[in-house]
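Understanding the architecture of this molecule
Next come the chains, spelled out residue by residue.
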Amino acid sequence: MTDESKRITIVGAGLAGSEAAWQLAERGFPVRLYEMRPTVQTGAHESDKFAELVCSNSLGSNLFNRASGLLKTELRTLGSLLISLADETALPAGGALAVDRASFSEKVTKIISNHPKIEVIRQEVLEIPEGPTIISSGPLTSAKLSQQLSKFFGHKNLFFFDAIAPIIYSDSIDLNIAFRASRYDHENNENGDYINCPFSRSEYDVFVNSLRNAERIQLKSFEEEINRGVSAGSATFFEGCLPIEVLASRGQEALAFGPLRPVGLRDPRSSKRPHAVLQLRQDNLAGDLYNMVGFQTNLTFSEQKRIFRQIPGLANAEFARFGQMHRNTFIASPLVLKPSLNTIKRNDLFFAGQITGVEGYAGNIATGLIAARNMARILTSKEPLVFPVFTMIGSLLNYITQASMKDFQPMKANFGLFPKLEDKIKNKNERYQKFSERALSNLINYCQMMGEPFL
Ligand SMILES: Cc1cc2nc3c(=O)[nH]c(=O)nc-3n(C[C@H](O)[C@H](O)[C@H](O)COP(=O)(O)OP(=O)(O)OC[C@H]3O[C@@H](n4cnc5c(N)ncnc54)[C@H](O)[C@@H]3O)c2cc1C
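Some remarks on the overall build of the chain
Across its full length, the chain carries 13 helices and 16 strands. Taken over C-alpha atoms, the radius of gyration comes to 23 Å for the chain, in line with the 23 Å a tight globule of 455 residues would show. Principal-axis analysis of the C-alpha atoms gives the chain an extent of 75 × 50 × 45 Å. The proportion of buried residues among the 455 residues of the chain is 47%. The contacts in the chain between residues at least 6 apart in sequence include a share of 71% that link residues at least 24 apart.

Quick look at the confidence of the model for the chain
Looking at the chain, pLDDT values average 90 and 92% of them are 70 or higher. Taken together, the stretch residues 229-240 has pLDDT below 50 and engages in 25 contacts with residues farther than four places along the chain or on a different chain.

Topic: the domain arrangement of the chain
As far as domains go, the chain holds domain 1 (4-163 + 326-450) and domain 2 (167-322). Averaged C-alpha coordinates put domain 1 and domain 2 at centres separated by 31 Å.

Focus: the nonpolar core
Judged by nonpolar contacts, the single largest core of 81 residues is most densely connected at A21, L24, I134, I365 and L396. The element contributing the most residues to this core is helix 11 (residues 361-379), with ten residues. Among the nonpolar cores identified, the runner-up in size contains 38 residues, and A248, A276, L289 and Y290 belong to it.

Definitions and limits used
- Residues numbered from 1 in each chain as written.
- Predicted model: local features only at pLDDT ≥ 70, side-chain atom pairs only at ≥ 80, totals over all residues.
- Helix = DSSP H or I, 4+ residues; strand = E, 2+ residues; numbered from the N terminus.
- Rg over C-alpha atoms; globule rule 2.2 N^0.38 Å.
- Buried ≥ 20, exposed ≤ 12 C-beta atoms within 10 Å, placed from the backbone.
- Contact = placed C-beta atoms within 7 Å.
- pLDDT = per-residue confidence, 0-100.
- Domains from an automatic or database assignment.
- Core = buried A, V, L, I, M, F, W, Y, C linked by C-beta atoms within 7 Å.

Structure (structure tokens):
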């Protein structure tokens, strides 16, 4: 194989693309890295720097016994450039890894631009490139490239919006108040598929008022369709599922006739129909995550925590993921991607970053690292890496490529993705510690088995 046939094209110098470019270049592969900014802007990025953090400057927890902290430990073990630069530019933030965003992206830009194996091209990519390619063009992939992706995968397999409802850890739900039942199935209440949180009239009124006055995340101009609730274009845009706070502001009873309708449900404590009911639906096989049905929202995360804890049965709710509504281009990974991050259709075409359906800065860095390592492996005729589901990286990639398409939504690192421990551990911190220890030993064993370097 000539050097040229091993040249890899990477589209997008965000978190995933920058990590991928460096991993490949360090392994001796020539890389052509395309970045459209500053010529074409995304609407959210403000600079021409690589790996710009568009919103929060926090990469999440840095604690080993937290899901996001474990992910960073795994990335450090695998030699991630971006996590090492985040460590170098860290600011005091308790247990979290927050960075000075300007110096973080400046350092990334400098290292990538000066690497002898990386050629940076400031240009919008309009078509899917031929030859070995990693597409890491992010949640705000340009319109022209999005059209090409729609064509390549089929219109139904490219999404443009997240309308995500929050997810709660089941062991934080108070089952003395909430009850199991399926709608209209009064005979079989104890085994019902849903956990139901019943509102009295006064609890409902307080909740609706809180929702109406809650602080919302400011929408960008390119996200205005969310407020209008319209469907646009031929591809799968946002399909009319309004944020609950918008519904609540339309009328006092709008939620009670919408996502909180109580029909077919009786509270076993009173045998009566509650005024309103929030249904929680199981979200993972292990049964420790529950989705708040119909609760897509654009409230700030701190407001979601404060207001959703007013829901009867959720006073101590722990959130595995908060609700979100924003422009987010992502592919139907369970249908089109392999767990090694290359497409089923074309072996030398990889995807990395938010476009794969992985959420969170650290998760996006992880996909860049894995896509690059697997690209290097297939170009040298080695079997690609598919990390065990006991590792945070493995469980995330397993989720995005194996999840049911019925309600596939982007996912961030969380312990609910893990298979259960052999021994039941009640104490949450001890359980999480064990999850993390198991993950790290699996990661190291797997690297040794596959001959992959680690630190
Ligand atoms: C408004 C907004 C706020 C967010 N806030 C957070 C947050 O607080 N915390 C969090 O963890 N995540 C947040 N996210 C998600 C965040 O975008 C990702 O976590 C992360 O930036 C994604 O990394 P990435 O590498 O996939 O994409 P990006 O970092 O966006 O990088 C993609 C790059 O590709 C370039 N590009 C796009 N199309 C083309 C093309 N055709 N040709 C060449 N270049 C192209 C873009 O200019 C961009 O530089 C937010 C997303 C948005 C849209």
